[in-house]
Amino acid sequence: PYLNTISSLKNNVMQNNVSAFVSFDKSNSWKGKAGYTFQQFNDGNYMQSAYGWVLSPSLRFSKFETTIGYAYNYCDTKDNRFVPVKTLNEIIAVYSSTAQITGEYNPYFTPQNQQIHSVLGNVIFSPFKSLSFSVNAKIGFYAVADNPYLFLDKSTANELVITRGFVSEKYFPMEIKGKINYTLSRKMEVEADYVYLQTFYFNSNTINLAFKYTFINEKKG
């Protein structure tokens, strides 16, 4: 979601991705994954991230099933793409010492020294075989990143220029998803879910509705 800025819709943003990971997934046991991703953009910039997560075995009681876990993510970019919305002349024309220079990520988001420690939780409730409710959550209990800001400064030629600075900032990312699944028959099912996403620089609410039909060709002997 970090690449989905408004500016990215107006510009041609291309990237090459290289990733590697190791994982372990054993039935009724601990599950985990650790990996590294390198993204090379068409403007010469690049982003790299390292991540890992571990999830406990499923705990079942009555009609409930739950798992808990932990996740870590680190992400950094070579060059920051946080730029002023207005031109230098427009900023100077209305500038005051207390005014904040408004900026935006253009054409894509560039995290700087972003670290996220999260707790994971999944709960599934199945009152009937054909009906299930589930909640999946990833809550960042400690997250920090270098937040960019813009200010006017003088160059070596004694000219006014816009300069970028950074300040380390804590924040509270989270992703919560609730889903309802109802199986109409062996071939048909209906699914609805809601996702709330809170990131470093935007929040979003998403609702999805889906009807699934599985084409099965059966042959009778």
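Worth saying up front: this structure is predicted, and the values here are computed from it rather than measured.

## What about the packing of aromatic side chains?
Reasoning step 1: Within the structure shown, the criterion is met by 15 aromatic pairs.
Reasoning step 2: Each ring, one from F82 and one from Y105, has its centre 5.2 Å from the other, and the planes form 65°; the classification is edge-to-face. Separated by 23 residues along the polypeptide, F82 in strand 6 (residues 82-84) and Y105 in strand 7 (residues 103-105) bring together distant segments of the chain. Of the two residues, F82 and Y105, both sit in the buried class.
Reasoning step 3: Through successive ring pairs, a cluster of aromatic residues spans F82, Y105, F109, Y171, F200, Y201 and F202.
Reasoning step 4: Positioned above the aromatic ring of F21, the side-chain terminus of K33 is 4.2 Å from the ring centre.

## Some words on the pairing of strand 8 (residues 114-128)
Reasoning step 1: Across twelve bridges, strand 5 (residues 64-77) lies against strand 8 in antiparallel orientation. Directly across from N73, in strand 8, lies its bridge partner I116.
Reasoning step 2: Summarising the sheet, strand 8 and strand 9 (residues 131-154) pair through twelve bridges and their orientation is antiparallel. Residue pairing across strands places H117 opposite Y142, the latter belonging to strand 9.
Reasoning step 3: Hairpin remark: strand 8 followed by strand 9, antiparallel, with two residues in the connecting loop.

## So, the pattern of salt bridges
Reasoning step 1: Tallying each qualifying case throughout the model produces five salt bridges.
Reasoning step 2: A salt bridge links D43 to R81; its shortest N-O distance comes to 3.2 Å. With D43 in the loop between strand 2 (31-41) and strand 3 (46-55) and R81 in the loop between strand 5 and strand 6, the pair connects residues that are 38 residues apart, well separated along the chain.
Reasoning step 3: For D43, a relative accessible area of 36% puts it in the partly exposed group.
Reasoning step 4: Among the charged side chains, a salt-bridge network with shared partners connects K179, E191 and K212.

## Digging into unusual backbone geometry
Reasoning step 1: Here N106 and P107 are connected by a cis peptide whose omega angle stands at 5°.
Reasoning step 2: Within the fold, P107 resides in the loop between strand 7 and strand 8.
Reasoning step 3: One non-glycine residue, S62, adopts positive backbone phi at about 55°.
Reasoning step 4: Here S62 is to be found in the loop between strand 4 (59-61) and strand 5.

Cut-offs and rules
- Residues numbered from 1 in each chain as written.
- Predicted model: local features only at pLDDT ≥ 70, side-chain atom pairs only at ≥ 80, totals over all residues.
- Heavy atoms only, no water.
- Phe/Tyr/Trp six-rings, centres within 6.5 Å; stacked < 30°, edge-to-face > 60°.
- Helix = DSSP H or I, 4+ residues; strand = E, 2+ residues; numbered from the N terminus.
- Buried < 20%, exposed > 50% of the residue type's maximum accessible area, 1.4 Å probe, protein only.
- Lys NZ or Arg CZ within 6 Å of the ring centre and 35° of its normal.
- Pairing = 2+ DSSP bridges.
- Salt bridge = Lys/Arg side-chain N within 4 Å of Asp/Glu carboxyl O.

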